[in-house]
Amino acid sequence: FDQRPAYFSAPHGGIDMKIEGPLVGKDDVTGKPRKCDIQFYMAIEGMCGWHSNHNPDVPWIKPVSTTTIYDKATSLKAIRMSGLLACTFNSIGTRMGLPFGGYGVLGVCNDTAALVDFAVRGSTNMYPLISTGRFLMHTAACLVETHEILSKHEGMQQVAHDARRLASAACFMESDIHCSPTQLIGAVRRFNANYPESYFQITDDSRKLMDQVSKEYQDFLNTNSKKKVDAKKVGLKSEVAFMDYLVDHTSFQEDLS
């Protein structure tokens with residue numbers, strides 16, 4: 001925009017899970033409950049799944065929550081979806097012989113967390129997202145196949161439904177590598193969500209520039225996103241309800257066409 005660059009310190013992203021209880025046990029000295037901190041993401045080593053959650057202790061990359069903490073029911077759904085997505089990414093990476101198990105082309109840490117978050121809530125604030133259309137199609141197709149297999153087994157209907165929501169999320173996931181003008185509006189929202197507090201002047205300058213670009217396109221398009229307009233047309237008040245509408249009323253052949 002006006003030949004001025006916006007800068008972003010690309011952070012690591014994932015889904016955090018903190019576990020306490022009998023399986024984790026208590027500290028032998030203090031008697032206090034031990035805590036197990038793990039995180040779901042696609043690692044550069046090539047494995048998508050749950051990893052130990054440890055991060056550098058520096059203020060400008062301190063942990064930032066891009067959504068409200070999931071309640072118990074939502075957490076269990078996210079955990080199921082994480083397992084499905086891990087199997088999807090790992091199988092595609094192996095089947096296609098992708099370098100680093102698909103890290104980078106299938107997506108990076110942020111993309112895996114964003115897909116689950118999008119499938120759970122109907123939107124995500126993760127930034128940046130670098131999955132591209134070609135490999136999002138591979139992801140969606142694999143999840144559709146998983147849905148069809150699971151739906152044939154008794155007692156697996158909920159898991160099959162989760163696979164279908166993940167496939168829908170892959171169909172609607174934005175990309176910050178190939179960003180259209182409409183998608184840029186969402187990108188700016190996600191960009192700002194990851195910078196609740198600025199530590200550098202360049203961050204403030206970049207946020208102002210991104211906001212200016214977003215406003216230009218909002219004024220031109222007179223809408224924030226096509227999804228919200230479509231949701232309004234069918235009488236739905238939230239993106240989460242819109243996702244449910246898609247799952248219940250749209251075939252995947254239509255989704256993927």
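Residues numbered from 1 in each chain as written. Predicted model: local features only at pLDDT ≥ 70, side-chain atom pairs only at ≥ 80, totals over all residues. Heavy atoms only, no water.

Here we look at the overall build of the protein
Quick reminder of the rule: Under the scheme used here, helices are H or I runs from DSSP no shorter than 4 residues and strands are E runs no shorter than 2 residues, and both carry numbers assigned from the N terminus. We call two residues contacting when some pair of their heavy atoms lies within 4.5 Å. For the area figures, the Shrake-Rupley method with a 1.4 Å probe applies, and any residue is considered shielded solely by the protein chains shown.
A count of helical and extended segments in the protein gives nine helices and three strands. Put simply, of all contacts in the protein between residues at least 6 apart along the chain, 67% involve residues at least 24 apart. Carbon and sulfur atoms make up 56% of the accessible area of the protein, which amounts to about 14700 Å² in all.

Focus: the confidence of the model for the protein
What counts here: Each residue carries a pLDDT value, the predictor's own confidence for that position, ranging from 0 to 100.
With 84% of its residues at a pLDDT of 70 or more, the protein shows a mean pLDDT of 83. The least confident element of the protein, judged by mean pLDDT, is helix H9 (residues 252-256) at 38; the most confident is helix H1 (residues 72-95) at 95. A low-confidence stretch, residues 224-229 stays under pLDDT 50, and its non-local contacts, those more than four residues away or across chains, total nine contacts. The low-confidence segment residues 249-257 (pLDDT under 50) makes 13 contacts with residues lying over four places distant or belonging to another chain.

A short note on the packing of H1 against helix H4 (residues 157-172)
The condition is simple: To get an axis, a line is fitted to the C-alpha atoms, and for a helix only the part in contact is used. The angle between two axes follows their N-to-C directions and goes from 0 to 180 degrees. Orientation categories follow fixed angle ranges, with anything under 35 degrees roughly parallel, anything over 145 roughly antiparallel, 65 to 115 roughly perpendicular, and all other angles oblique. Crossings are classed by handedness, with left-handed meaning an anticlockwise turn of the near helix from the far one by less than a right angle and right-handed meaning a clockwise turn. As a working rule, the residues Ala, Val, Leu, Ile, Met, Phe, Trp, Tyr, Cys and Pro are called nonpolar, Asp, Glu, Lys and Arg charged, and the rest polar, with Gly in that last group.
It is at 10 Å that the axes of H1 and H4 come closest, and there the two elements cross at 70°. When the axis of H1 is compared with that of H4, the two are roughly perpendicular. Relative to H4, H1 is oriented so that their crossing is right-handed. In contact with Lys 77, Arg 80, Met 81, Leu 84 and Leu 85 of H1, H4 contributes Gln 158, Val 159, Asp 162, Ala 163, Arg 165 and Leu 166. In terms of residue class, the contact of H1 with H4 is built from six nonpolar, one polar and four charged.

A closer look at the state of the cysteines
Defined simply, a disulfide is a covalent bond joining two cysteines at their sulfur atoms. As a reminder of what qualifies: Cysteine sulfur atoms are paired as a disulfide whenever they fall within 2.5 Å. The classification of residues rests on relative accessible area computed with a 1.4 Å probe and restricted to protein chains. Under 20% of the type maximum is buried, over 50% is exposed, and intermediate values are partly exposed.
Summed over the entire model, instances satisfying the criterion amount to zero disulfides. Cys 48 carries a free sulfur, and the closest cysteine sulfur to it, the one in Cys 87, is 9.1 Å from it. Of the residues examined, Cys 48 reaches a relative accessible area of 1% and is grouped as buried. With no disulfide of its own, Cys 142 lies closest to Cys 87 among cysteine sulfurs, the gap being 9.0 Å.

A closer look at the nonpolar core
Using the following cut-off: Buried Ala, Val, Leu, Ile, Met, Phe, Trp, Tyr and Cys residues that are joined via side-chain atoms within 4.5 Å together make up what is termed a nonpolar core.
Of all hydrophobic cores here, the largest spans 38 residues; its most connected members are Phe 40, Leu 85, Phe 89, Leu 115, Val 116, Leu 166 and Met 173. Secondary structure elements with two or more residues in this core: strand S2 (36-42), H1, helix H2 (109-121), helix H3 (133-150) and H4. Formed by nine residues, the second largest nonpolar core is a distinct cluster that contains Tyr 127, Ala 187, Tyr 195 and Val 213.

Notes on the environment of Pro 63
Take Pro 63: it is sitting in the loop between strand S3 (48-52) and H1. Assessed through its relative accessible area of 68%, Pro 63 is described here as exposed.

Examining the packing of aromatic side chains
Applied cut-off: Two rings from Phe, Tyr or Trp (for Trp, the six-membered ring) form a pair when their centres are within 6.5 Å of each other. A pair whose planes differ by under 30 degrees is stacked, one over 60 is edge-to-face, and the rest are tilted.
If you walk through the whole model with that rule in mind, you get six aromatic pairs. When the ring of Phe 8 is compared with that of Phe 191, the centres are 5.1 Å apart and the planes differ by 50°; the resulting orientation is tilted. In this pair, Phe 8 sits in the segment before strand S1 (15-19) while Phe 191 sits in helix H5 (residues 181-193), placing the two residues 183 residues apart along the sequence. Here the aromatic residues Phe 8, Tyr 127, Phe 191 and Tyr 195 are joined through ring pairs into a cluster of three or more.

Details of the pattern of salt bridges
Selection criterion: Take a side-chain nitrogen of Lys or Arg and a carboxyl oxygen of Asp or Glu: if they are within 4 Å of each other, that pair is a salt bridge.
Inspection of the entire model under this criterion finds seven salt bridges. Note that Lys 35 is salt-bridged to Glu 20, the shortest N-O span being 4.0 Å. Of this pair, Lys 35 sits in the loop between S1 and S2 while Glu 20 is found in the loop between S1 and S2, placing the two residues 15 residues apart along the sequence. Two residues, Arg 121 and Asp 117, come together in a salt bridge whose shortest N-O distance is 2.8 Å. Here Arg 121 pairs with Asp 117, and both are found in helix H2, just four residues apart, close to one helical turn. For the residue pair Arg 121 and Asp 117, the accessibility class agrees, reading buried in each case.

Overview of the pairing of S3
To keep things clear, this is the line we draw: Being paired, for any two strands, means DSSP has found at least two bridges between them.
When S2 meets S3, the two strands line up antiparallel, connected through five bridges. Bridge pairing in S3 places Ile 38 opposite Ser 52. Once S2 ends, the chain turns through five residues before running back antiparallel as S3, passing Gly 46 with a positive phi of about 105°.

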